[in-house]
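So you can see what is in the structure, the chains are spelled out below.
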Amino acid sequence: MEQRDKRVLNIREIQKFKDQLLDEIQDTFSDKKNPTLLEYQKQTENLITLKELLEREKESMPQENFDLISGQDFVILQIERWIDENNEIIDGWFEESEKPLKKH
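Residues numbered from 1 in each chain as written. Predicted model: local features only at pLDDT ≥ 70, side-chain atom pairs only at ≥ 80, totals over all residues. Heavy atoms only, no water.

S.K.: Explain the environment of lysine 42 here, please?
M.R.: Assignment of secondary structure puts lysine 42 in helix α2 (residues 37-59). C-alpha of lysine 42 to C-alpha of phenylalanine 29: the two residues are 13 residues apart in sequence and 9.6 Å apart in space. (Helix = DSSP H or I, 4+ residues; strand = E, 2+ residues; numbered from the N terminus.)

Printed below as a string of structure tokens:
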């Protein structure tokens, strides 16, 4: 019985951590029209952490719960796409800063 209580607590702690991560991800950009490189990097780190957490959570799901696992796979795939998009933006930021300045 005590083991079950610890597991429930861990699930609650994990959910709380996921909620905090989602809030941070959603509130990353202080000015959504002019995001900074640091904000993109921070959001990408949080997305990677969230993806890893969801993957661990999926591994603990009963295999017979196909719908739940499929849903988790879909969310993980969407997060991976978001990470890829952010990485492209971050890479583009560095490419822009490496271009020589044009003299007029």
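S.K.: Which parts of the structure should I look at to understand α2?
M.R.: With 23 residues, α2 should reach 33 Å at 1.5 Å per residue; the first-to-last C-alpha distance of 33 Å fits that figure. Of all the positions in α2, only Leu37, Glu39, Tyr40, Gln43, Thr44, Asn46, Leu47, Leu50, Lys51, Leu53 and Leu54 are classed as buried. (Expected span 1.5 Å × (residues − 1). Buried < 20%, exposed > 50% of the residue type's maximum accessible area, 1.4 Å probe, protein only.)

S.K.: Explanation requested: the pattern of salt bridges in the structure shown.
M.R.: A pair can form between side chains of opposite charge whenever their charged atoms are brought close. What the rule picks out here adds up to 5 salt bridges. Salt-bridge contacts for glutamate 24 lead to lysine 42; the nearest nitrogen and oxygen are separated by 3.6 Å. In this pair, glutamate 24 sits in helix α1 (residues 2-26) while lysine 42 sits in helix α2, placing the two residues 18 residues apart along the sequence. The class of lysine 42 is partly exposed, set by a relative accessible area of 41%. Among the ionic pairs, aspartate 73 bridges to lysine 58, the shortest N-O distance being 2.6 Å. Of the two residues, aspartate 73 is situated in helix α3 (residues 66-98) and lysine 58 in helix α2; the sequence distance between them amounts to 15 residues. What you see here is one network of salt bridges that share partners, running through Lys51, Glu55 and Glu80. (Salt bridge = Lys/Arg side-chain N within 4 Å of Asp/Glu carboxyl O.)

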